[in-house]
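What follows is each chain in one-letter form.
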4 protein chains.
Amino acid sequence: MKKEDRRIHVLECASEVFAKKGYHETSVSDIVERARIARGTFYLYFENKRAIFEELLDQLIEKLDRRIKRINPEDDVARQLKANVRGIIDLFLDNRELTKILVHEAIGLDEGFDKKLAQLNARIRNMVKASLDLGIEMGILRPCNTSITARCIMGSVREVINYLVVEAEPGSHVSGKERDSLVEQLMAFSLFGLSGGSYNELNNKPLW
Amino acid sequence: MKKEDRRIHVLECASEVFAKKGYHETSVSDIVERARIARGTFYLYFENKRAIFEELLDQLIEKLDRRIKRINPEDDVARQLKANVRGIIDLFLDNRELTKILVHEAIGLDEGFDKKLAQLNARIRNMVKASLDLGIEMGILRPCNTSITARCIMGSVREVINYLVVEAEPGSHVSGKERDSLVEQLMAFSLFGLSGGSYNELNNKPLW
Amino acid sequence: MKKEDRRIHVLECASEVFAKKGYHETSVSDIVERARIARGTFYLYFENKRAIFEELLDQLIEKLDRRIKRINPEDDVARQLKANVRGIIDLFLDNRELTKILVHEAIGLDEGFDKKLAQLNARIRNMVKASLDLGIEMGILRPCNTSITARCIMGSVREVINYLVVEAEPGSHVSGKERDSLVEQLMAFSLFGLSGGSYNELNNKPLW
Amino acid sequence: MKKEDRRIHVLECASEVFAKKGYHETSVSDIVERARIARGTFYLYFENKRAIFEELLDQLIEKLDRRIKRINPEDDVARQLKANVRGIIDLFLDNRELTKILVHEAIGLDEGFDKKLAQLNARIRNMVKASLDLGIEMGILRPCNTSITARCIMGSVREVINYLVVEAEPGSHVSGKERDSLVEQLMAFSLFGLSGGSYNELNNKPLW
DNA sequence: TATGAATGAGAATTCATTCAT
DNA sequence: CATGAATGAATTCTCATTCAT
């Protein structure tokens, strides 16, 4: 097995174990056992337990970063939003194991992790906030405290993601239709809250 | 120091350490050091680390349960909602340390904790969902998937809480005005999303 | 409760716990719980855990010492022997708890105990040996290595005692008849081994 | 040092410490200190203190089982008995440390040990009893309560063994002649008790 | 590169004993 | 005398990491 292949193999195995047992409950022994390598070999590829975990998270963060497209206000905004949300959901469902870790575990591990996750959150949140600011400036969205509202949106998305990867049946497949429906509900809630309106009607026209 | 006082003292110290270092990084030594008691004294009051943590959580959960009032659809719904949200925010801000633990830590610790928190979540979520179902039936709210929407609402609230107790300046005081504003924003978002409308106008009248 | 009464009460409780759980498995907590006294009170009456155990053993050793009568060769030897053995068996059966400790536990506790028990053993063994020496000198017993033979006799007795207090049904009563039978068997074996003869016939007459 | 060698080395060291300090007074620290290995290394080879002790005992029990040969009544019984007793004595003298543990310590440790030893005792005792029953049936031995008498015999043997490994000078060598003499005395006592007769004369001929 | 035996710091927990009330 | 809260030394066991082969 080539060096890079083995590295990837170990990463995969670690991901499985971490997702199943959690960071703290996972020992290096668990990982090397599953990967069928010697204890020492592990340390040839990764500095320590923290490092392999961090690398797994970095992978997911990077993928997430690539999936999220900046909104172009000139184009159909609703479609772009929809695509973004759907992309995120797809990514997480395709990486359940890692997502579980991201959502469930990578919190309170140590200051380094927390900071990294906080930064990721802040980055996305700022994108959302910028979009809101723009939408308001353009007269499409109602004026509001965009900082707080951005958090509300992220909280909604996070909660639905969490439901999908953690609470819903572990191995179950979530069909495209179901995903569509989830996106629909998420967006309807974000755009109109509990009151009426349908985002299908919107076409860069004022929402209020 | 009386027995019950000391017990409370240890609980407080533990709460501080847990909030600062996280459950796993906190050792019994950390707690006894901060509480300035001997190693063995700790075990006089609590069975083990898990037990003291559980007690702290139970305290918070109980308080939370008591704060959340069932909505009476006959009365002014908006005011009741507002009061509930404000109550929750007040509770968490008055128990920052514990809340930090609840939001940040009490996840993936062990099956027991996870289950307890999942149950708490489910209980509140079901209350929210029931309210939504009722609102829709009464023609006040637009029809939607109330399961998912309930999650969206909870996610929004959770995220704002998290902001308040974790990200915002640790020692800072959040004034009544600021709390009011947060509640306002949260409710505006939940009721109208990003579109127009003001919940102040509502008086059990249809939102759509 | 008077001082001496309480002391005795604690000793009894300790005896019960020691017999049931063994020396090492018994904690001072066990004793004070059963005796319904406070932890500190225990140390008013006994220096420490070792001390109360030693006192219990000393009691039994003393009783044992008093029970064993020196054989008078002028009188009916067989009857005296029989009385001695029966006396020992009665003592142990009347003090099952303590005996269990003596046989089962008071070994390897610490050098002090071991020495004390070794001395007790040696004292009794020497009495036996002296009797054998006398018997041989008088031509009643066959010549033999009386040191070793004395050990054989003691081993036989010890084994039967052990059977009675440890292996046989804990609470069961051993009737006088059964005790007689045991003594009979023990003496028959010691006097004639597996070969023929009946000690009833002997009357200070040569056995060979 | 090879893995198996180290394992054996640790077992030997543990055996020495156990024999010297007793099971309860021996800590894992004592063992690793004597074996000059690290704390963790111990747990690489043995699950815990109980496990290494049990292994030591099992070794001895197994050896003992192998040494004891069933008596064939067709052959010279006295010779076979003598060989058995001599074999047992040799085994114990060759494994003084372990024997000391077996005789002195392995009692009241925990239910598991006690049961194991009780079973060993019962097994041997039953062999003895069966031999006695057979001897009586064949008319070679006098009728007696073979259960009790079997215990007497075992007690005699145990006591002599105990003398050899515990009381007699620890490092001293017991010569073949001395061992022969011990066997002689033991058998003489068992066969003829304190009365006359010499087992040398017997040749499957009636003892009474 | 790969191995896996060895390490030892550190964690949780117990319990005999003390001492202030 | 009696109490029982407090102590802290001692013990067992784990596991991330190192290093000789």
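Here, every reference points to the structure presented above.
A few words now on the overall build of chain A. Looking only at helices and strands, one finds 9 helices and 0 strands in chain A. Written out in order from the N terminus, the α and β elements of chain A read α-α-α-α-α-α-α-α-α. Residues classed as buried in chain A amount to 50% of the 208 residues present. Excluding contacts between residues fewer than 6 apart, the proportion of contacts in chain A whose partners are at least 24 apart in sequence is 68%.

What follows deals with the interface of chain C and chain D. The interface of chain C with chain D comprises 40 residues on the first partner and 39 residues on the second. Taken together, both faces of the contact between chain C and chain D bury some 3,800 Å²; the carbon and sulfur share is 60%. Of all residues in chain C, the largest losses of buried area upon contact with chain D belong to Arg142(C), Arg151(C) and Leu194(C), amounting jointly to 21% of the total for that side. The tally of links from chain C across to chain D stands at 2 salt bridges. In this structure, the salt-bridge partner of Arg158(C) is Glu159(D), at a minimum N-O distance of 3.1 Å. Of all the secondary-structure elements, those providing two or more residues to the side of chain C that touches chain D are helix H6 (96-105), helix H7 (111-137), helix H8 (146-167) and helix H9 (176-192) of chain C.

Right, let's talk about the protein's contact with DNA strand F for a bit. Of all residues adjacent to DNA strand F, which total 31 residues, the nearest are Thr41(B), Tyr45(B), Lys3(C), Gly40(C) and Thr41(C). Taken together, the sugar and phosphate atoms account for 60% of what DNA strand F places within 4 Å of the protein. Arg39(A) places a side-chain nitrogen or oxygen 3.0 Å from a base oxygen of DNA strand F. In the environment of DNA strand F, a phosphate oxygen lies 3.3 Å from a nitrogen or oxygen atom belonging to the side chain of Arg6(C).

Below, the discussion takes up the relation of the copies chain A and chain B. Take chain A, turn it by 178 degrees, move it 0.2 Å along the axis, and it overlays chain B with an RMSD of 0.5 Å. The two molecules are tied by a two-fold rotation axis, judged by turn and shift. Closest approach to the rotation axis within chain A is made by the C-alpha atom of Gly193(A), at a distance of 1.8 Å. Both copies present the same face, since 95% of the interface residues in chain A are matched by interface residues at the equivalent positions in chain B.

Right, let's talk about helix H8 (residues 146-167) of chain D for a bit. All names here are of chain D. Over its 22 residues, H8 extends 30 Å from the first C-alpha to the last, a length consistent with the 32 Å expected when each residue adds 1.5 Å. Across the 22 residues of H8, 17 count as buried, placing the element largely inside the fold. Of the residues flanking the start of H8, the one acting as N-cap is Asn145, its side-chain oxygen 3.0 Å from the backbone nitrogen of Ser147.

Here we come to the packing of aromatic side chains. All names here are of chain B. Per the stated rule, a full pass over the model turns up 26 aromatic pairs over all chains. An aromatic cluster of at least three residues, connected via ring pairs, comprises Phe18, Tyr23, Phe53 and Phe113. Positioned above the aromatic ring of Tyr23 is the side chain of Lys49, whose terminal nitrogen or guanidinium carbon lies 4.6 Å from the ring centre. The ring of Phe113 is capped by Arg50, whose NZ or CZ atom sits 4.4 Å from the centre of that ring.

What follows covers the interface of chain A and chain B. Often the size quoted for an interface is simply the accessible area lost on bringing the parts together. Tallying the contact residues gives 40 residues for chain A and 39 residues for chain B. Where chain A abuts chain B, roughly 3,800 Å² becomes buried across the two surfaces, and 60% of that area is made up of carbon and sulfur atoms. Between the two partners, chain A and chain B, sit 2 salt bridges. Applying the counting criterion to the chain A and chain B interface returns 11 residue pairs in polar contact (both at pLDDT 80 or more). The set of elements that each furnish at least two residues to the side of chain A that touches chain B consists of helix H6 (96-105), helix H7 (111-137), helix H8 (146-167) and helix H9 (176-192) of chain A. Among the residues making up the side of chain A that touches chain B, the classes are represented as 19 nonpolar, 12 polar and 9 charged.

Right, let's talk about the state of the cysteines for a bit. Throughout this description, disulfide means a covalent bond between two cysteine sulfur atoms. A complete count under the given rule lists 0 disulfides over all chains for this structure. Free of any disulfide, Cys152(C) has its nearest cysteine sulfur in Cys144(C), 8.9 Å distant.

This paragraph deals with the side chain of Asn162(B). Residues and elements named next belong to chain B. Tracing the backbone shows Asn162 in helix H8 (residues 146-167). Asn162 gets classed as buried once you look at its relative accessible area, which sits at 14%. What Asn162 contacts, discounting residues up to four positions off in sequence, is Val103 and Glu167.

Near DNA strand E, the surroundings consist of 31 residues, among which Gly40(A), Thr41(A), Tyr45(A), Thr41(D) and Tyr45(D) are the closest. Counting only the atoms of DNA strand E that lie within 4 Å of the protein, the sugar and phosphate share comes to 63%. Residue Arg39(B) places a side-chain N or O atom 3.4 Å away from a base oxygen belonging to DNA strand E. Among the secondary structure elements, those contributing two or more residues to the surface near DNA strand E are helix H1 (3-21) and helix H3 (39-45) of chain A, helix H3 (39-45) of chain B, helix H3 (39-45) of chain C together with helix H1 (3-21) and helix H3 (39-45) of chain D. The residue makeup of the surface near DNA strand E, split by class, is 11 nonpolar, 10 polar and 10 charged.

In this structure the tally under the stated criterion is 52 salt bridges over all chains. Of the charged contacts in the structure, one is a salt bridge between Arg7(B) and Glu55(B), with a shortest N-O distance of 2.7 Å. In this pair, Arg7(B) is assigned in helix H1 (residues 3-21) and Glu55(B) in helix H4 (residues 49-67), connecting sequence segments 48 residues apart. Between Glu54(D) and Arg50(D) there is a salt bridge, with the nearest N and O atoms lying 2.7 Å from each other. Separated by 4 residues within a single helix, Glu54(D) and Arg50(D) lie in helix H4 (residues 49-67), roughly one turn from each other. Through salt bridges with shared partners, a single ionic network connects Arg50(A), Glu54(A), Asp58(A) and Lys116(A).

The rules behind these values
Throughout this document, residue positions are counted from 1 along each chain, in the order its sequence is written. For naming, the first written chain is A and the first written ligand is 1, with later ones following in the order written. Since the coordinates come from a predicted model, pLDDT governs what is reported: local features require at least 70, and pairs of side-chain atoms require 80 or more to be given and counted, while whole-chain, interface and lining totals use all residues. Note that the side-chain values use all heavy atoms of the structure and ignore hydrogens as well as water. Comment: elements are numbered from the N terminus, with helices defined as DSSP H or I runs of at least four residues and strands as E runs of at least two. Each residue gets one of three labels from its accessible area relative to the maximum for its type: buried under 20%, exposed over 50%, partly exposed in between, using a 1.4 Å probe on protein chains only. Should any heavy atoms of two residues lie within 4.5 Å, those residues are considered in contact. The quantity reported as buried area is the accessible area (1.4 Å probe) lost by two parts once they are put together, taken as the sum for both. What makes a salt bridge here is a side-chain nitrogen of Lys or Arg within 4 Å of a carboxyl oxygen of Asp or Glu, nothing more. What makes a residue near a molecule or strand is one non-hydrogen atom of that residue sitting within 4 Å of it. As used in this structure description, the phrase polar contact means that two N or O atoms lie within 3.5 Å; if the pair is within protein, one of them must be able to donate a hydrogen and the other to accept it, and residues adjacent in sequence are counted only when both atoms belong to side chains. Superposition of the copies used a least-squares fit over C-alpha atoms from residues whose pLDDT is at least 70 in both. Expected span of a helix: the number of residues minus one, times 1.5 Å. Between rings of Phe, Tyr and Trp, where Trp is taken as its six-membered ring, a pair exists when centres lie within 6.5 Å; planes separated by under 30 degrees are stacked, by over 60 edge-to-face, and by other angles tilted. Comment: the charge-over-ring label is applied if NZ (Lys) or CZ (Arg) is within 6 Å of the ring centre and within 35 degrees of the ring normal. Amino acid classes used here: Ala, Val, Leu, Ile, Met, Phe, Trp, Tyr, Cys and Pro are nonpolar; Asp, Glu, Lys and Arg are charged; the rest, including Gly, are polar. Any pair of cysteine sulfurs within 2.5 Å is marked as a disulfide.

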